[in-house]
Amino acid sequence: MSSLTIGIIGLCVMLVLMFLGMPIAFVFGISGVVGMIAILGFHTGIGYMMSIPVTAAASYTLLVMPMFMMMGEVASAGGLTTDAYTAARYWFGHKKGGLAVTTTVSSAIFGAVCGSGVTTAMVFSQIAWPEMKRYGYSPRLGLAAIAAAGPLGTLIPPSVPLIMYGIMAETSIAKLFMAGWLPGILLLIVLCITIFLWAKLKPQDAPLTDKYPLKERLRSLIRVWPFLLLILLVMGGIWGGICTVNEGAAVGAVGATIITFAMRRIHIKDFVKTMKGVVGSGASFFFLFVGVQFFNSFMSLSGLPKALARWVGGLDVAPMMIVWLMVVIYLFLGCFLDVAPLMMLTVPIFAPIVANLGFNLVWFGIIVTFCGAIGCITPPVGMNLFVLANRVPDVKIGEIIRGILPFIIATFVALVICMYLPQISLLLPGLMR
């Protein structure tokens, strides 16, 4: 049996194991180990694999993930997200769809600290929905807006998916972070326009709320300074060339800790509990990364990615049509897979093809992240939809799904704009030192 045939069989086995519900780390690890042994033989295969976990553990790039996780978790535990939401509500709550717009803007701010779309949706289901429910917002608009705002956390840095893409595609994470800002702002604007139009066409779904005096609105901005300081410390340092991404992540983690303790927003007991969660999440990601490295090595030995690249490169179509084919694949798989396994499954195969076609890998990273963002809110397995259904058990998931379609369309429109106007993604990376 040829190596290429073994690679195809291994890929199919991996997909079957994934859809059977096996943990993702074990799916990639088992498929990779068995595949390498099938190609190299038992003794040679084991010898080849022995260095992979050591190399993964020694990866300097992996440090960035737990550091940004710590920054987001500490900021959330310290109640900084609640302050941001309150300030946004004071300014936008009395407008058409104001509370939903407030949630979207606050999600963008929280995403800039947290880096996770699912976490963003989880947090705002507890912060934003009770307020919207109190003022008579329909679940179809309110919860759908929360679900759709979650993906802002995957685009606005520091973003976990962008970190994962940078590792998989061997692309500068610092440039990816800079590239995510303008597309994230674009998506924020498109989502806010969608909410405004909905509120105008169906005002009964978004009743107006109280209007606060200008003095109180200005006072509310004082409570946002921790977020602004963290963003300035982390992104300003990275963009200005003062620190690397890893150093910026460490600055953010330490900065969030100092700010929350200085403001007496968090106690030692809560901090220890938060750190236990960060360590657990970081360890889970490490095992996932090792499993992916096993699978990527197996794919490389099989020659399947190169064969696929040659086949795609031989297609008599415009390069942009090949990118569109990849986007369609991402959108389809995104209906069934979370962002992490989606990227780990496809990026090692698609990134070399995109590079050979002459496209910028940083730009493609934003496109892939956009596709993952759409997958997060697309039935039947949109993670944000199920997170909200779990957090708000009194609302049926069908209500959320019926409200999400306009937001899926809006996010897709923003994706197309970024595809055909690459400078939106590449302007800020081009200004880096």
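Residues numbered from 1 in each chain as written. Predicted model: local features only at pLDDT ≥ 70, side-chain atom pairs only at ≥ 80, totals over all residues. Heavy atoms only, no water.

Engineer: Explain the overall build of the chain residue by residue, including any values.
Structural biologist: From N to C terminus, the chain includes 24 helices and zero strands. For 433 residues, the compact-globule estimate of 2.2 N^0.38 gives 22 Å, and the C-alpha radius of gyration of the chain, at 22 Å, lies within 12% of that figure. By its C-alpha atoms, the chain is 75 × 45 × 45 Å across when sized along the principal axes. Residues counted as buried form 55% of the 433 residues belonging to the chain. For the chain, restricting intrachain contacts to residue pairs at least 6 apart in sequence, the fraction spanning at least 24 positions comes to 79%. Across the chain, the mean location of the 25 positive side-chain charges is 5 Å away from that of the 13 negative side-chain charges. (Helix = DSSP H or I, 4+ residues; strand = E, 2+ residues; numbered from the N terminus. Rg over C-alpha atoms; globule rule 2.2 N^0.38 Å. Buried < 20%, exposed > 50% of the residue type's maximum accessible area, 1.4 Å probe, protein only. Contact = heavy atoms within 4.5 Å. Lys, Arg positive; Asp, Glu negative; His and termini not counted. Charge placed at Lys NZ, Arg CZ, Asp CG, Glu CD.)

Engineer: Residue-level account of the side chain of Ser 138, with values.
Structural biologist: You can see Ser 138 is positioned in the loop between helix H9 (129-134) and helix H10 (139-149). A residue is classified by how much of its surface remains accessible, and Ser 138, at 14% relative accessible area, is buried. Apart from the residues lying within four places of it in its own chain, the contact partners of Ser 138 are Trp 129 and Asp 205.

Engineer: How would you sum up a nonpolar patch on the surface? Please name residues and give values.
Structural biologist: A surface patch of nonpolar side chains, about 530 Å² in accessible area, is lined by Ile 222, Trp 225, Leu 229, Leu 232, Leu 233 and Val 251. Of the residues forming the nonpolar patch, the biggest block, four residues, is contributed by helix H15 (residues 225-239). Taking relative accessible area as the criterion, Trp 225 reaches 40% and is therefore assigned partly exposed. (Patch = residues over 30% accessible without salt bridge, like charges linked within 9 Å, V, L, I, M, F, W, Y side chains within 5 Å. Areas by Shrake-Rupley, 256 points an atom, 1.4 Å probe, with all protein chains shown as cover. Salt bridge = Lys/Arg side-chain N within 4 Å of Asp/Glu carboxyl O.)

Engineer: I'd like to hear about the packing of helix H21 (residues 361-376) against helix H23 (residues 397-420), residue by residue, with values.
Structural biologist: The N-to-C vectors of H21 and H23 enclose an angle of 170 degrees; their axes lie 10 Å apart at closest approach. By the angle class used here, H21 and H23 are roughly antiparallel. Contacts from Trp 363, Ile 367, Phe 370, Cys 371 and Ile 374 of H21 reach H23 at Ile 408, Thr 411, Phe 412, Ala 414, Leu 415, Cys 418 and Met 419. Residue classes in the contact of H21 with H23 are distributed as 11 nonpolar, one polar and no charged. (Axes fitted to C-alpha atoms, helices over the stretch in contact; angles between N-to-C directions. Parallel < 35°, antiparallel > 145°, perpendicular 65-115°, else oblique. Nonpolar A, V, L, I, M, F, W, Y, C, P; charged D, E, K, R; others polar.)

Engineer: Tell me what's going on with the side chain of Thr 274, and back it up with residues and numbers.
Structural biologist: Examined against the element boundaries, Thr 274 turns out to sit in helix H17 (residues 268-302). Its relative accessible area of 11% is what places Thr 274 among the buried residues. Every residue in contact with Thr 274, bar those within four places of it in the chain, is listed here: Glu 73, Val 74 and Ala 77.

Engineer: Outline helix H24 (residues 423-430), listing residues and values.
Structural biologist: By the burial criterion, the buried members of H24 are Ser 425, Leu 428 and Pro 429. The buried residues of H24 occupy an angular sector of 105 degrees when projected down its axis, which confines them to one face. Pointing more than 90 degrees away from the buried face of H24 are the exposed residues Gln 423 and Gly 430. Looking at the buried positions of H24, the neighbouring elements they touch are helix H13 (173-201), H15 and H21. (Arc of directions from axis to C-beta.)

Engineer: Requested: an account of the nonpolar core, with residues and values cited.
Structural biologist: Counting residues in hydrophobic clusters, the biggest one holds 135 residues, and the most contacted among them are Phe 28, Tyr 165, Val 347, Phe 364, Ile 404, Phe 407 and Met 419. Counting residues per element, this core draws most heavily on H13, which supplies 16 residues. Counting residues in each nonpolar core, the second largest holds six residues, with Ala 75, Ala 84, Val 224 and Phe 227 among its members. (Core = buried A, V, L, I, M, F, W, Y, C linked by side-chain atoms within 4.5 Å.)

Engineer: Please give an account of the packing of aromatic side chains that cites residues and values.
Structural biologist: Counted under the stated rule, the structure contains 10 aromatic pairs. Judged by centre distance (5.5 Å) and plane angle (65 degrees), the rings of Phe 28 and Phe 295 are edge-to-face. With Phe 28 in helix H2 (residues 24-40) and Phe 295 in helix H17, the pair connects residues that are 267 residues apart, well separated along the chain. Through pairs of rings, three or more aromatic residues link up here, namely Tyr 165, Tyr 330, Phe 350 and Phe 364. (Phe/Tyr/Trp six-rings, centres within 6.5 Å; stacked < 30°, edge-to-face > 60°.)

Engineer: Residues and numbers for unusual backbone geometry, please.
Structural biologist: At Glu 170, a position not held by glycine, the phi torsion is positive, near 55 degrees. Here Glu 170 lies in the loop between helix H12 (160-169) and H13. Unlike most non-glycine residues, Arg 264 shows phi in positive territory, near 55 degrees. By the secondary structure assignment, Arg 264 is in the loop between helix H16 (245-262) and H17.

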